[in-house]
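Okay, here's what each chain looks like letter by letter:
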Amino acid sequence: MRLGINTFLFTSPFTDQSTSLFRTFKKWGFETIEIPIEDPSHIDPAHVKGELDKLGLACGSVCACMGPDRDLRGTPEQQRTGLDYMMRLIDQMVVLECPLLIGPVYSAVGRADAVPPAEYKQQWKAVVTNLRTLCDYAESKGRQVCLEPLNRFETDFINTCDQALQMIKDVGSPALKLHLDTFHMNIEEKDQGKAIRKAGKLLGHFHACGSDRGTPGKDHIDWKSISAALKTIKYRGDVVIESFTTDVKVIARAAAIWRRIEPTRDEIAVKGIKFLQKVL
């Protein structure tokens, strides 16, 4: 397992200039960088890849940033916009030599409505169709898509490991896997270790976050159970710290970070990686 960090902890949007962060991440001991690409025009992937190579780092994952206009269960226009955006990310991932497109690839973050069962079923069908198209494209480019359940406050569509596994089954593509996150699981799963074991070989990506979005290990999450489950399923993917602070205003608002959770964001990264190195 490689330990990585999501750049949202330090900047939004990520641009070519943001690569100046890489040297610090390397010094702290991270092996892989997770880059949320809010708009493909923000980066030259060849430049970013060159800066990673200089330090012996890898872009292990690109995070899809699903805003209101990018929604695979939305209006026909929102569906097309979401698909086009993620296909462009996959093209950039080829240049970055990044294997994984991760996140809530099915819907806009923050869309949480109590829709009737019949409408939910229609949305599900739309997402299945769109994800098949996306995964066919990813497979043609040698990439994978990892679908992330979010908590009930961020989506009404896929909240649990079980729901995500059903979507993966319905799509039926070898390019589609599961992405689990300890923050979301802390809200939605009865037992995080059990959810990880249920995911098994379909677990393609993992986010390690404190129960309050702070430092992993400075919280009430049962990390020993999580570590044991990851070892039981022989997980070999990346484990990425994805935390947010009030320092990055636009992300703080989107993630409902209204107070300073830790003294500094550096502490989340430095103490977080030391804890994960120990527990994993």
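Up top is the structure these notes are about.
This structure is a prediction, so every number in the text was calculated from the model and none was measured. (Residues numbered from 1 in each chain as written. Predicted model: local features only at pLDDT ≥ 70, side-chain atom pairs only at ≥ 80, totals over all residues. Heavy atoms only, no water.)

Draft legend 1. Expanded view of the overall build of the chain. When helices and strands are counted, the chain shows 10 helices and 8 strands. Taking 2.2 N^0.38 as the reference for a compact globule, 280 residues should give roughly 19 Å; the C-alpha atoms of the chain span a radius of gyration of 17 Å, in line with that estimate. When its C-alpha atoms are laid out on the principal axes, the chain stretches across 50 × 40 × 35 Å. Looking at the chain as a whole, 58% of its 280 residues are labelled buried. For the chain, the proportion of contacts with a sequence separation of at least 24, taken over those separated by at least 6, is 78%. In the structure as shown, the chain presents an accessible area of about 12,000 Å², 51% of it carried by carbon and sulfur atoms. Here the chain carries 38 positive and 36 negative side-chain charges, and the mean point of each set is 5 Å from the other. (Helix = DSSP H or I, 4+ residues; strand = E, 2+ residues; numbered from the N terminus. Rg over C-alpha atoms; globule rule 2.2 N^0.38 Å. Buried < 20%, exposed > 50% of the residue type's maximum accessible area, 1.4 Å probe, protein only. Contact = heavy atoms within 4.5 Å. Areas by Shrake-Rupley, 256 points an atom, 1.4 Å probe, with all protein chains shown as cover. Lys, Arg positive; Asp, Glu negative; His and termini not counted. Charge placed at Lys NZ, Arg CZ, Asp CG, Glu CD.)

Draft legend 2. Layout of the pattern of salt bridges. Considering all chains together, one arrives at 12 salt bridges under this definition. The shortest N-O distance in the salt bridge between Lys 54 and Glu 51 comes to 2.8 Å. In this pair, Lys 54 and Glu 51 are both assigned in helix H2 (residues 45-55), 3 residues apart and thus about one turn of the helix distant. The residue Asp 71 makes a salt bridge to Arg 111 at a minimum N-O spacing of 3.0 Å. Taken as a pair, Asp 71 in the loop between strand S3 (58-64) and helix H3 (76-96) and Arg 111 in the loop between strand S4 (100-103) and helix H4 (117-140) lie far apart in primary sequence, 40 residues in all. When its relative accessible area of 22% is taken as the criterion, Arg 111 is described as partly exposed. Bridged by salt links that share partners, the residues Lys 49, Asp 53 and Glu 97 form one connected network. (Salt bridge = Lys/Arg side-chain N within 4 Å of Asp/Glu carboxyl O.)

Draft legend 3. Broad picture of the pairing of strand S1 (residues 2-6). For S1, a buried count of 4 out of 5 residues is recorded, marking the element as mostly surrounded by other parts of the structure. Of the pairings in the sheet, the one linking S1 to strand S8 (residues 238-241) comprises 4 bridges and is parallel in character. Bridged to Arg 2 within S8 is Asp 238. By the bridge criterion, 3 bridges tie S1 to strand S2 (residues 32-37) in an arrangement that is parallel. Bridge pairing in S2 links Asn 6 to Glu 34. Considered for its hand, the β-α-β crossover made up of S1, helix H1 (residues 22-28) and S2 is right-handed. (Pairing = 2+ DSSP bridges. Right-handed = clockwise from strand over helix to strand, strands pointing away.)

Draft legend 4. Here's a closer look at the nonpolar core. Formed by 80 residues in total, the largest nonpolar core has its most connected members in Phe 22, Leu 101, Leu 131, Met 167, Ile 196, Leu 203 and Phe 206. Sorting elements by how many residues they give to this core places H3 first, with 8 residues. Excluding residues that lie within four positions of it along the chain, Leu 203 makes contacts with Leu 178, Leu 180, Ile 196, Leu 230, Ile 233 and Tyr 235. (Core = buried A, V, L, I, M, F, W, Y, C linked by side-chain atoms within 4.5 Å.)

Draft legend 5. The arrangement of the environment of Lys 54 in detail. For Lys 54, a relative accessible area of 63% translates into the label exposed. A distance of 2.8 Å separates a polar atom in the side chain of Lys 54 from a polar atom in the side chain of Glu 51. (Polar contact = N/O pair within 3.5 Å; in protein donor to acceptor, adjacent residues only side chain to side chain.)

Draft legend 6. Representation of the pairing of S8 within the structure. The two faces of S8 match: Asp 238 and Val 240 on one face and Val 239 and Ile 241 on the other face are all buried. Of the strand pairs in this sheet, strand S7 (residues 203-207) and S8 are connected by 2 bridges, and their pairing is parallel. The residue bridging His 207 from the neighbouring strand is Val 240, located in S8. Note that the unit made of S7, helix H8 (residues 223-232) and S8 has a crossover that is right-handed.

Draft legend 7. Just the sheet that holds S2, in detail. The strand order S1-S2-S3-S4-S5-S6-S7-S8 describes a closed barrel built from 8 strands, whose pairing is parallel. Neighbour-to-neighbour, the strand axes of the sheet open up by a mean angle of 30°, direction not taken into account. Where helix H5 (residues 161-171) meets the sheet, its contacts fall on strand S5 (144-147) and strand S6 (176-181), and the angle it forms with S6 comes to roughly 170°. (Axes fitted to C-alpha atoms, helices over the stretch in contact; angles between N-to-C directions.)

Draft legend 8. The arrangement of the packing of aromatic side chains in detail. Going through the model one piece at a time under the given rule, you end up with 9 aromatic pairs. Judged by centre distance (6.2 Å) and plane angle (45°), the rings of Phe 25 and Trp 28 are tilted. You can see Phe 25 and its partner Trp 28 sitting in helix H1, 3 residues apart, about one turn around the helix. Side by side, Phe 25 and Trp 28 carry an identical accessibility label, which is buried. Here Trp 124 and Phe 157 contribute two aromatic rings whose centre-to-centre distance is 5.5 Å and whose plane-to-plane angle is 40°, an arrangement assigned as tilted. Of the two residues, Trp 124 sits in helix H4 while Phe 157 sits in the loop between S5 and H5, which places them 33 residues apart along the sequence. In this structure, Trp 124 and Phe 157 share a single accessibility class: buried. Among the aromatic residues, those joined into a ring-pair cluster are Tyr 106, Tyr 120, Trp 124 and Phe 157. A cation sits over an aromatic face here: Arg 70 above Tyr 85, 3.6 Å from the ring centre. (Phe/Tyr/Trp six-rings, centres within 6.5 Å; stacked < 30°, edge-to-face > 60°. Lys NZ or Arg CZ within 6 Å of the ring centre and 35° of its normal.)

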